[in-house]
Amino acid sequence: MPAYRPEEIEKKWQAHWKQHSTFKAANHSDKPKYYVLDMFPYPSGAGLHVGHPLGYIASDIVTRYKRLRGFNVLHPMGFDSFGLPAEQYAIQTGQHPALTTEKNIETYVQQLSSLGFSYDWSREVRTSDASYYKWTQWIFLKLFNSWYNLDTNRAEPLTGLTARFAESGSAGIRAAGDDGDRHDFTAGQWSMFSEKQKLAAVLPYRLAYQQDTYVNWCPGLGTVLSNDEVKDGLSERGGFPVERRLMPQWNLRITAYADRLLAGLDQLDWPDAVKEMQRNWIGKSIGAEVTFPVMAGAFPASAGNNPAAAGSNPAETGNNSVEAGSNPASAGNNPAEAGSSSAEAIKVYTTRVDTIYGATFLVLAPEHELVDVITTPEQRTAVDEYIAATKRRSERDRMTDVKAVSGVFTGAYAQNPVNGAPVPIWLADYVLAGYGTGAVMAVPSGDQRDYLFAQHFNLPIPAISDAQQGLDQQADPTKEGHYINSGIINGLTYKEATQKLIAFLEEKGLGKGKVNFRQRDAIFGRQRYWGEPIPIYYKDGTAYGIAESDLPLVLPEIDEYKPTETGEPPLGRAQDWLYKGQYPYELSTMPGWAGSSWYYLRYMDPTNEARFVSEEAEQYWGSVDLYMGGAEHATGHLLYARFWYLFLKDLGLVSSGEPFQKLINQGMILGRSNFVYRVNWVVQTASREAFDQLGTEQIVPVIFASKGRLQTLSDGTPFLYPESEDFLQGIMEAFQAKYPDLTLAYRGITPIHVDVSLVNNDILDTEAFMNWREEYKNARFMWEEDGGNYICGVEIEKMSKSKYNVVNPNILIDKYGADALRLYEMFLGPLEQYKPWNTNGISGVGGFLKKFWRLFHPEDGPLALTDEPATPAELKVLHRAIQKAQEDIEKFSFNTSVSLFMITVNELTALKCHKRAILEPLVLLVSPYAPHLAEELWQELGHEAGSISHASYPEFREEFLVEDVVTYPLAINGKVREQMQFAAAATAAEIETAVLASDFLARHGEGKSAKKVIVVPGRMVNVVI
RNA sequence: GCCGGAGUGGUGGAAUGGUAUACACGAGGGACUUAAAAUCCCUUGCCUUCACGGGCUUACGGGUUCGAGUCCCGUCUCCGGUACCA
């Protein structure tokens, strides 16, 4: 083969690999194992753009490198093939989502194959295949039939729990979850329960449980969404508004694992950013739960509509008062006498129990269950109105409107448990029903939100610490100093006070230390069609798991993919879809993250029909050694997958501690958008008649101004240079001549995205542009003043179809080859960094590949290598390359490896080296990056076809790098002035003597003498004067 | 606000505390060619000088050090995440 022809050799080797299953991995081997995993894609209709393969290329390089280093590597690929877009498309077109999905997967497989990835395709999984989701459903049933025992700190089968119920009732059982949902019973009562009652009693213990839950309901999509599927109050897919709604939902008790998910992060080799995001998401906080008893009876201060209006107005004692008397109890009407304790009590959660003496009011979430009970008749109307108003405000409003203070007084008072002071109870939507107890003790001097609230409603803001400052301006949450106005903790420090208060509250039974998590249980149902059916049926209104032997529960065919007329999920349309012919199935399906939470396990043993993965395969492959994927999955997929893994581990079904040992987030490749600048016109008619006469013809000239014709204001508004406006004058005059009844006026410039394929080096192909859009076919251009080109504007944005900046890898592969594309994507910059795409640079790596080829095929002739022994200079080039290529790949620095290869080839070209002894090892070095080229050359070198994939990496030998002579930079006070050569063996003292003996100082020392000489052996010499 | 990360030529970027700007793109000049493509050679951080050379430069201001793009303190800007979380 003469010249380098990627289009020929790449097809040849891709076919060879496929035919010979070159990359098939065995589940048994004497070699050490290595598992390289890519986050599997959702097969969208748009196919891959150049940004998608970045991570796949990097992981493929590691895979091929590890094979050369003697590992048995598992490197699979599959498809996360359940999902919303296929279903939305199905609703519009009636086409079954399975068909679109199948078609899209075909495109993906074709695109991935054309990049030369070394996947073991025999292990491909698809989450929408019944043979796969059978096991997703099976894991769900395991969750359904398990509970979390806090005494053993792990999940256990439900059978153990019911056995304990039968023996000793519910007493003494500590289970993860909310005890408030459960009821106490004795063994005797349990034995008297009906089956239905037993199941109802067990339900709140299950790890997969059904409960009325506040959900993110998205009317636009007709389904609920998880928190990580909602961005800024809109659905991530489609951008529809999302609202809060109370609905019965399936949940997974991920909160049982919060502590273990948090602790496990410490051992993982993951990016700090991702670990930190997971920590924040789990949101562990250590604090205390404190009980404030509600005061019963008509309370004098509640006579008015607002406590501030009543005679005992606490605010009158001063917003900034530091007197103990700022407590309403000391005001005129002493409520402590009027009210006595009632049966009700409000539990608050606080991380700052030390500030409790500064708690001058309580705030409940509007959804709090006691609101109805405690609201006084006088306040009833105001409270009802406030609750209604809160409901009307969508989640979105609440988020964009954070600063606005709103709230309402309930008329009720509670008693501060540490000093008996009555504190008014308010409602406000800044308190969230879903966190802590849904109630807070407000400490306006220590918390800014409480401060703003107190200020707005004129409530007192007493200081509680001698270190607090600026309370007339804002809250001061300091933990420094000593407490004041604080009863039993006066004079104490933060630590002392916290301990003393918790002890005091625990003794009185009014509080206890408590750990809280921000994380909620994961809502597991979606009211959609294209997902795994939840394997639950209903008998007499009670949920039962279907028998494992009846799995998979196959997704039924339906006529339309929309909700039913009665508002049930699409599965409600399925005809005769009943368990055992009589019991209705659960109609919601699993969320998108169900199938992706365990797919990496299925790859280990993808066709096993008896088990989700065989014990042997699971134990052989263990956990994933390298997981490559996008940072957008930091708190979704990566958390859920860890949760499922810990659960499976509790049941003894998997053997490692964590599923993904090392994680790398490849950075996003951004698009480089091009803009043209259209001149805007306004046409004014003299009369209505003049306008009517025009008809429909296009009369406004379409003019585009080149970038050099524009200036941009600091806010980004573009406008024409005045001299360029003269250009428009002629056009306006010509227009005037043609349409005397009309006037044409210039009204600024609008930048418009232009397809990047019509642009080269920011120069617009104006011919192609005019053919691009019908309305541009008569466009005129204001060229650059000098060159006569049309220069486009540039912006770096996310790649997307609507911005016309998507670059299709297929086109680049056709033009430059897959090896060039692989190299170029790696060459762009550090893997983890966000970086813009610029197709222009690819010619550089294209040139490199040709040069590399010419080392073997001089003048693009036939293979012509000599068997001459290599010179020291050539060996040095080779072994430096071996050393550095290894180092770079081990630290995932692929961009520097590519430039290393370029330097190496440049140097060998300069040395006119065509020696087998040098070039054969070089083929191995390059093979992970440019596998097709390497295969071709390897075969030409006389090796068996395809054998390079399992050859051995060349061995680095230090001795070839040893130099006899080292060139040292000589510096004066850190500034390099000259170079000098020394024998490699020279000692620091010898070098110092030689430098001082030379005329170096005389020439650069400004007549001063050396104070000190620093010699760094092998590095440099610095003379201090 | 809080938590991460990043600021180096016209551009993407390189640099275990030790010669800043490797490698590549782009640009300019030249060779080959009827021409173009392809290929090859030279120049290319800024200022100064006919030249040799000299000075300056890693967002900005300080500091540590014989020596700082790299470490420390402060400021600014950009990107990502997250938030009435009590």
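Up top you'll find the structure we're talking about.
One numbering rule holds for all chains: residues counted from 1, following each sequence as written. Chains carry letters and ligands carry numbers; both start at the beginning, A for chains and 1 for ligands, and go up in the order they are written. For a predicted model such as this one, the threshold for reporting local features is a pLDDT of at least 70, and the threshold for listing and counting side-chain atom pairs is 80 or more; totals across whole chains, interfaces and linings nevertheless cover every residue. The basis for the side-chain values is all heavy atoms of the structure; hydrogens and waters are excluded.

1. Quick notes on the overall build of chain A
Going by this rule: Under the scheme used here, helices are H or I runs from DSSP no shorter than 4 residues and strands are E runs no shorter than 2 residues, and both carry numbers assigned from the N terminus. Working definition: with a 1.4 Å probe on protein chains only, accessible area under 20% of the residue-type maximum means buried, over 50% means exposed, and in between means partly exposed. Any two residues whose heavy atoms approach within 4.5 Å at even a single point are treated as in contact. Residue exposure ignores everything except the shown protein chains as possible cover, and the areas themselves are Shrake-Rupley values with a 1.4 Å probe. In this tally, Lys and Arg are treated as positive and Asp and Glu as negative; His is ignored, and so are the chain termini. All charge positions are set by atom: Lys at NZ, Arg at CZ, Asp at CG, Glu at CD.
The number of helices and strands found in chain A is 32 helices and 37 strands. Here the C-alpha coordinates of chain A stretch approximately 105 × 85 × 85 Å along the principal axes. The burial tally for chain A puts 52% of its 1025 residues in the buried class. When contacts within chain A are restricted to residue pairs at least 6 apart in sequence, long-range pairs at least 24 apart make up 74% of them. If you sum the accessible surface of chain A, you get close to 45800 Å²; carbon and sulfur atoms cover 50% of it. Across chain A, the 95 positively charged side chains and the 126 negatively charged ones have centroids separated by 2 Å.

2. Let's talk about the sheet that holds strand β36 (residues 1012-1016)
What counts is decided by this rule: Two strands qualify as a pair provided DSSP detects at least 2 bridges between them. Lines fitted to C-alpha atoms define the axes here, with helix axes fitted over just the stretch in contact, and angles between the N-to-C directions of these axes take values from 0 to 180 degrees.
Spatially, four strands are ordered β35-β34-β37-β36 in an open sheet, and the strand pairing comes out mixed. The sheet is open, and its two borders are formed by β35 (975-983) and β36, each paired with just one other strand. Taken over all neighbouring pairs, the strand axes of this sheet differ in orientation by 20° on average, direction set aside. As judged from the three bridges shared by strand β34 (residues 965-972) and strand β37 (residues 1020-1024), these two strands associate in the parallel manner. Along β37, the bridge assignment pairs Ala971 with Asn1022. Running at roughly 130° to β36, helix α31 (residues 988-997) makes contact with β34, β35, β36 and β37 of the sheet.

3. What to know about the packing of aromatic side chains
To keep it simple, the criterion reads: Ring pairs shown here join Phe, Tyr and Trp side chains whose ring centres sit within 6.5 Å, with only the six-membered ring taken for Trp; geometry is labelled stacked below 30 degrees between planes, edge-to-face above 60, and tilted in between. Criterion for a charge above a ring: Lys NZ or Arg CZ within 6 Å of the ring centre, and within 35 degrees of the ring normal.
If you walk through the whole model with that rule in mind, you get 68 aromatic pairs. Each ring, one from Phe901 and one from Tyr929, has its centre 5.1 Å from the other, and the planes form 80°; the classification is edge-to-face. Of the two residues, Phe901 is situated in helix α28 (residues 894-910) and Tyr929 in the loop between α29 (916-926) and α30 (931-940); the sequence distance between them amounts to 28 residues. Overall, Phe901 belongs to the buried group, its relative accessible area being 2%. Classification of Tyr929 as buried rests on a relative accessible area of 2%. Clustering of aromatic rings is evident, with ring pairs tying together Phe704, Phe769, Trp772, Tyr776, Phe781, Trp783, Tyr790 and Tyr804. Its end group placed over the ring of Tyr205, Arg182 keeps NZ or CZ at 4.3 Å from the ring centre. Over the ring of Phe144 we find Arg206, and its NZ or CZ is 3.8 Å from the ring centre.

4. Examining the packing of helix α27 (residues 872-890) against α29
Under the convention used in this document: Every angle not falling under 35 degrees, over 145, or within 65 to 115 is termed oblique; those three ranges are roughly parallel, roughly antiparallel and roughly perpendicular. Take the far helix as your reference; a near helix turned counterclockwise from it by less than a right angle gives a left-handed crossing, and one turned clockwise gives a right-handed crossing.
At a closest axis distance of 10 Å, the pairing of α27 and α29 adopts a crossing angle of 15°. By the angle between their axes, α27 is roughly parallel relative to α29. When the axes of α27 and α29 are compared, the crossing they make is left-handed. The segment α27 lies against α29, with Glu874, Leu875, Leu878, Ala881, Ile882 and Ala885 engaging Ala917, Ile918, Pro921, Leu922 and Leu925.

5. Topic: the protein's contact with RNA strand B
Worth spelling out the cut-off: Nearness of a residue to a molecule or strand requires only that one of the residue's heavy atoms be within 4 Å of it. Nitrogen and oxygen atoms within 3.5 Å of one another constitute a polar contact, given that in protein one can donate a hydrogen and the other can accept it, and given that sequence-neighbouring residues count only through two side-chain atoms. Residue type decides the class: Asp, Glu, Lys and Arg count as charged, Ala, Val, Leu, Ile, Met, Phe, Trp, Tyr, Cys and Pro as nonpolar, and the leftover types, Gly among them, as polar.
Near RNA strand B lie 45 residues; those nearest to it are Thr351, Tyr435, Arg449, Leu828 and Arg1019. Counting only atoms of RNA strand B within 4 Å of the protein, the sugar-phosphate share comes to 59%. In this structure, a sugar or linking oxygen belonging to RNA strand B sits 2.8 Å away from a main-chain N or O atom of Tyr430. Residue Arg977 places a side-chain N or O atom 3.4 Å away from a phosphate oxygen belonging to RNA strand B. Considering every element that reaches the surface near RNA strand B, the biggest residue donor is α28, with six residues. Taken together, the residues of the surface near RNA strand B break down into 21 nonpolar, 13 polar and 11 charged.

6. Some points on the sheet that holds strand β5 (residues 208-218)
Within the open sheet, the four strands sit side by side as β6-β5-β9-β17. Their pairing is antiparallel. Two strands close off the open sheet at either side, each with one partner strand: β6 (223-225) and β17 (522-523). Here β5 runs beside strand β9 (residues 243-252); their pairing, made up of 10 bridges, is antiparallel. Bridge assignment links Gln211 to a residue of β9, and that residue is Gln249.

7. With respect to the pairing of β34
Strand direction decides the pairing type here: β34 and β35, joined by eight bridges, are antiparallel. Paired with Val966 across the two strands is Phe982, which belongs to β35. Hairpin geometry of β34 and β35 is characterised by an intervening segment of two residues between the two adjacent antiparallel strands and by a positive phi of about 50° at Asn973.

8. A short note on the environment of Gln661
Looking at the element boundaries, Gln661 is found in the loop between α20 (637-650) and β23 (663-665). Once the C-alpha coordinates of Gln661 and Leu268 are considered, the two residues, 393 residues apart in sequence, prove to be 5.6 Å apart. The contacts of Gln661, once residues within four sequence positions are left out, are Gln267, Leu268, Asp269, Trp270, Ser623, Val624 and Asp625.

9. Let's talk about the environment of Gly861
Within the secondary structure layout, Gly861 lies in the loop between α26 (842-856) and α27. A relative accessible area of 15% places Gly861 in the buried class.

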